[in-house]
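Observations on chain architecture
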Amino acid sequence: MPHLNVLDDSSPPEDSRAGTLTAAAALREVSSVGGGIKGIYVHVPFCAHRCHYCDFFTIAGRDEQRADYVARLLNEAQAALPKFPVGVRTVFIGGGTPTHLPIDSLEALLSGLGSLLRAGGHTIEEWTIEANPDTVTPDVAAVLAAGGVNRVSIGAQSFHEGSLAALERNHDPSNVSRAVELVRAAGISDVSIDLIFAVPGQPEPLELWRSDVDEALALDPSHLSCYNLSYELGTPLRRRLDTGAIERVSNEIEAEMYEFTIERLAAAGYEQYEVSNWARPGRRCLHNLLYWRNENWWPLGPSGSGHVNGRRWRNVPRLGPWLQGSGLPPVDTVEQLDIDGQLGERLMLGLRLNEGVPRAVVEAALSAPSRGEARRVTLDEAIQKGLLAWHQDHLVLSPSGLLIADAIIGDLL
Ligand code: SF4
C-alpha cells in the first residue's frame, strides 16, 4: 500500500503548509467529483483521565483549552462543510470524551455544526455522540437532545469494578443505568452500549463476562458493541503485558466469551451485523456502516481520519498545531491507494460485515494484477477449511471464521 508524503500531492499548492495542501485537495475532489460525503466524524480529544488500554489521541489535564478547541473546530467546519454537495446523512462525535466538554461548549459545538449542516441543505438521519457514564447529567442530556443528537453511545466497558480497575477506567459502573435513563428521559431513544471482554486478572472471567452482557441487556439498548481487549503498542496496559505483570485471557476462554455473546444477543433479538456490533432491527449504526462499506466521510478535529474516493488522511494528532491553524487543518499522513489496494480494502472491510462482500467485488479483488493470485489461493484455502463461504452471492465469514476474523482478513488483504 503506497504511503504518500503530503508533499507528493500533485494538486497545485493553495497554501505553503503541506498539510493544508492535501486537505484542500481532498476538498476539491469532494466538490469536483460530486464526492458524496455521507458522514462527518468529529474528534473531541479531551478526557478526564487516560485509561491504560487506550491508544486514541486523547488529552487529560488541559481542560482550559476546551473552549478554544470548540472555536477552532467550528472554524474548521466552516472551511469544509459549505463545499459539500447535499448528502451528508450522519454525524458521529467521538473521542476522547465529547461529554467532557463544558456544557456551554458542548451546546456551541452542536448548534454551530447544526447551523452549517442546515445551511448546506443536509438532512441528518443519525447524529451520534459518545458519552462517559459519569458525565451524563440531566442538563447534558437536554443539551444533546436540543442540539440534534439522536443516538448516544455509552462507554460502559464493564459493570464490574475489578474489570474497570484493570483497564484503569475510573467511572462508577452504577452510573451506566443512570446515564441511559437520563438520555431516554431527554427524548433520545437510540442508546448503544460499549463493552470490552477478555479483561486480564479477573476471577471467573467467563462468568463475569456473562454477567456484563446480561447487565447491558437489562438496560434494553438499541445497539451493542462488544470488543475483545486489544493490547495496543505504547499503552501502559501493553507495557504491563510485556513485563509479565499481567497475563492475557487464554484464546480458548476468549473464544468462549465471543461465542456466548453471539448466542446470547441473538436469543435476545439483536442482529449481529458486524464482527463486534449488534443491533435491534433497523438500529444499525449508519455512520460506522459508512466505514465498513468504504464510503466517503470527512473528519474534523485533531487526529480525525477521513476518506474520499480511495484517499485517506489524518488531521495532525497534536492539539497545539491544530489549534494554531485556521481553516483546513494540517494533516500528518495521506494514503492514496492504487486500485489493487482499494479492492483489498473493500474485501477487508466488507468481510467484517455479516452481509459480506458481493461476488463482483471479490472477483475484481482476485483479478487484481499484483495481489490477485495470492488472494485467490488464500481464499480457496479458507473456503476449504470452512472459514469463509458463499451466501446469496456474497462472500461471508462462517461461524468458525468469525472467531478468527482478523487473521483471515489480514491474510486476504
Ligand atoms: S475515556 Fe475513552 S477515549 Fe478517554 S482515555 Fe478512556 S478509553 Fe480513551
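For every chain, the first residue of the written sequence is number 1, and numbering continues from 1 onward in sequence order. Where local features are concerned, this predicted model is filtered to residues with pLDDT of at least 70; where side-chain atom pairs are given and counted, the filter is 80 or more; whole-chain, interface and lining totals use all residues.

**Topic: the overall build of the protein**
Operational definition: Here a strand is any run of E in DSSP of at least two residues, a helix any run of H or I of at least four, and the numbering for each starts at the N terminus. We compute the radius of gyration from the C-alpha atoms alone; for a globule the expected value is 2.2 Å times N to the 0.38, where N is the number of residues. Neighbour counting defines burial: a residue surrounded by 20 or more other C-beta atoms within 10 Å of its own C-beta is buried, one with 12 or fewer is exposed, and intermediate counts give partly exposed, using backbone-placed C-beta atoms. Contacts are defined on C-beta atoms placed from the backbone: any two residues whose C-beta positions lie within 7 Å are in contact.
Along its length, the protein carries 16 helices and 17 strands. Rg of the C-alpha trace for the protein: 21 Å, near the compact-globule value of 22 Å for 413 residues, within the 12% margin. Seen through its C-alpha atoms, the protein measures out along the principal axes to roughly 55 × 55 × 45 Å. Within the span of the protein, comprising 413 residues, buried residues form 40% of the whole. Once local pairs closer than 6 in sequence are excluded, the contacts in the protein between residues at least 24 apart make up 70%.

**Brief notes about helix α14 (residues 372–384)**
Rules: How far a helix is expected to stretch is found by multiplying one less than its residue total by 1.5 Å. Along the arc lie the directions from the helix axis toward the C-beta atoms.
The end-to-end C-alpha distance of α14, which contains 13 residues, comes to 18 Å, matching closely the 18 Å that a straight helix rising 1.5 Å per residue would cover. Looking only at α14, the buried set comprises Arg-375, Leu-379 and Ala-382. In a view along the axis of α14, the buried residues occupy a sector of 65°, so they form one face of it. Structural note: α14 exposes Glu-373, Val-377, Asp-380 and Gln-384 on the side pointing more than 90 degrees away from its buried face. Following α14 by one or two positions, Gly-386 has its phi on the positive side, about 80°.

**Topic: the domain arrangement of the protein**
Worth spelling out the cut-off: The start and end points of each domain follow an automatic or database-based domain assignment.
Parsing the protein into structural domains produces domain 1 (6–336) and domain 2 (343–412). Each of domain 1 and domain 2 was reduced to a C-alpha centroid, and the two centroids are 27 Å apart. Listed by partner, the interface residues are 9 residues for domain 1 and 10 residues for domain 2. Those elements giving two or more residues to the side of domain 1 that touches domain 2 turn out to be α9 (251–267), β9 (271–274) and α10 (286–292). For the side of domain 1 that touches domain 2, the element with the highest residue contribution is β9, accounting for 3 residues.

**Focus: the sheet that holds strand β17 (residues 394–397)**
Applied cut-off: When DSSP finds at least two bridges between two strands, those strands are taken to pair.
As summarised here, the arrangement of the 3 strands in space is β15-β17-β16, forming an open sheet in which the pairing is antiparallel. Looking at strand neighbours, the two that pair on one side only are β15 (357–358) and β16 (388–391), the edges of this open sheet. Where β16 meets β17, 4 bridges bridge the pair, whose relative direction is antiparallel. Across the sheet, the residue bridging to Leu-388 is Leu-397, located in β17.

**Looking at the packing of helix α12 (residues 339–352) against helix α13 (residues 359–367)**
The line we're drawing: Lines fitted to C-alpha atoms define the axes here, with helix axes fitted over just the stretch in contact, and angles between the N-to-C directions of these axes take values from 0 to 180 degrees. Note on angle classes: values under 35 degrees are labelled roughly parallel, values over 145 roughly antiparallel, values of 65 to 115 roughly perpendicular, and the remainder oblique. Crossing handedness: left-handed means the near helix sits turned counterclockwise from the far one by under a right angle, and right-handed means the same turn made clockwise. Note on residue categories: nonpolar means Ala, Val, Leu, Ile, Met, Phe, Trp, Tyr, Cys or Pro, charged means Asp, Glu, Lys or Arg, and polar means any other residue, Gly included.
With their axes 9 Å apart at the nearest point, α12 and α13 run at an angle of 135° to one another. On the basis of their axis angle, the class for α12 and α13 is oblique. Remark: the crossing between α12 and α13 carries left-handed chirality. Packed against α12, whose contacting residues are Leu-343, Gly-344, Arg-346, Leu-347 and Gly-350, the element α13 presents Val-361, Val-362, Ala-364 and Ala-365 at the interface. Grouping the constituent residues of the contact of α12 with α13 by class yields 6 nonpolar, 2 polar and 1 charged.

**Quick notes on the site of the ligand**
Note the threshold: Nearness is defined per residue: the C-beta atom, placed using the backbone, must lie within 6 Å of the molecule or strand.
The immediate surroundings of the ligand are formed by Cys-47, Arg-50, Cys-51, Cys-54, Phe-56, Thr-58, Gly-95, Gly-96, Thr-97, Asn-132 and Gly-155. The class makeup of the residues in the shell around the ligand is 4 nonpolar, 6 polar and 1 charged.

**Side note on the nonpolar core**
Rule in force here: The term nonpolar core refers to a group of buried residues, namely Ala, Val, Leu, Ile, Met, Phe, Trp, Tyr and Cys, whose C-beta atoms join them within 7 Å.
Counting 68 residues, the largest nonpolar core has Ile-40, Val-42, Val-152, Ile-154, Ala-179, Val-183 and Leu-195 as the members making the most contacts within it. Leave out the neighbours within four places in its chain, and Ala-179 touches Ala-131, Pro-133, Val-136 and Ile-154. Core analysis: the second largest hydrophobic core is formed by 17 residues, Val-362, Leu-366, Leu-395 and Leu-402 among them.

**Things to note about the packing of α13 against α14**
With their axes 6 Å apart at the nearest point, α13 and α14 run at an angle of 125° to one another. For the element pair α13 / α14, the angle class is oblique. Packed against α13, whose contacting residues are Ala-365, Leu-366 and Ser-367, the element α14 presents Gly-372, Arg-375, Arg-376 and Leu-379 at the interface. Counted by class, the contact of α13 with α14 contains 3 nonpolar, 2 polar and 2 charged residues.

**A short note on unusual backbone geometry**
Excluding glycine, a negative phi dihedral is what most residues carry, and trans is how most peptide bonds are arranged. Between Gly-95 and Gly-96 the backbone carries a cis peptide bond, its omega angle lying at 20°. Residue placement: Gly-96 occurs in the loop between β4 (90–95) and α3 (103–119). Of note, the phi angle at Ser-303 is positive, near 75°, even though the residue is not glycine. Assignment of secondary structure puts Ser-303 in the loop between β11 (296–300) and β12 (305–308). The backbone of Asn-309 sits at a positive phi, close to 50°, despite the residue not being glycine.

**Looking at the pairing of strand β5 (residues 126–131)**
Counting buried positions along β5 yields 5 of 6 residues, so the element is predominantly enclosed. In this structure, β4 lies alongside β5, joined through 4 bridges in parallel fashion. Across the sheet, the residue bridging to Ile-93 is Ile-129, located in β5. One ladder, built from 4 bridges, connects β5 with strand β6 (residues 151–157); its direction is parallel.

**Some words on the pairing of β17**
Burial along β17 is one-sided: the residues Leu-395 and Leu-397 are buried and none of His-394 and Val-396 is. Pairing geometry for β15 and β17, over 2 bridges, is antiparallel. The residue of β17 that forms the bridge with Val-357 is Leu-395. Count of turn residues in the β16/β17 antiparallel hairpin: 2 residues, of which Gln-392 carries a positive phi of about 50°.

**Comments concerning the environment of Gln-272**
By the element assignment, Gln-272 lies in strand β9. Overall, the presence of 18 C-beta atoms within 10 Å leaves Gln-272 in the partly exposed class. Here the alpha-carbon distance between Gln-272 and Leu-224, two residues 48 residues apart in the chain, equals 9.3 Å. Those residues within four positions of Gln-272 in sequence are excluded, and the remaining contacts are Ile-262, Leu-265, Ala-266, Trp-278 and Asn-354.

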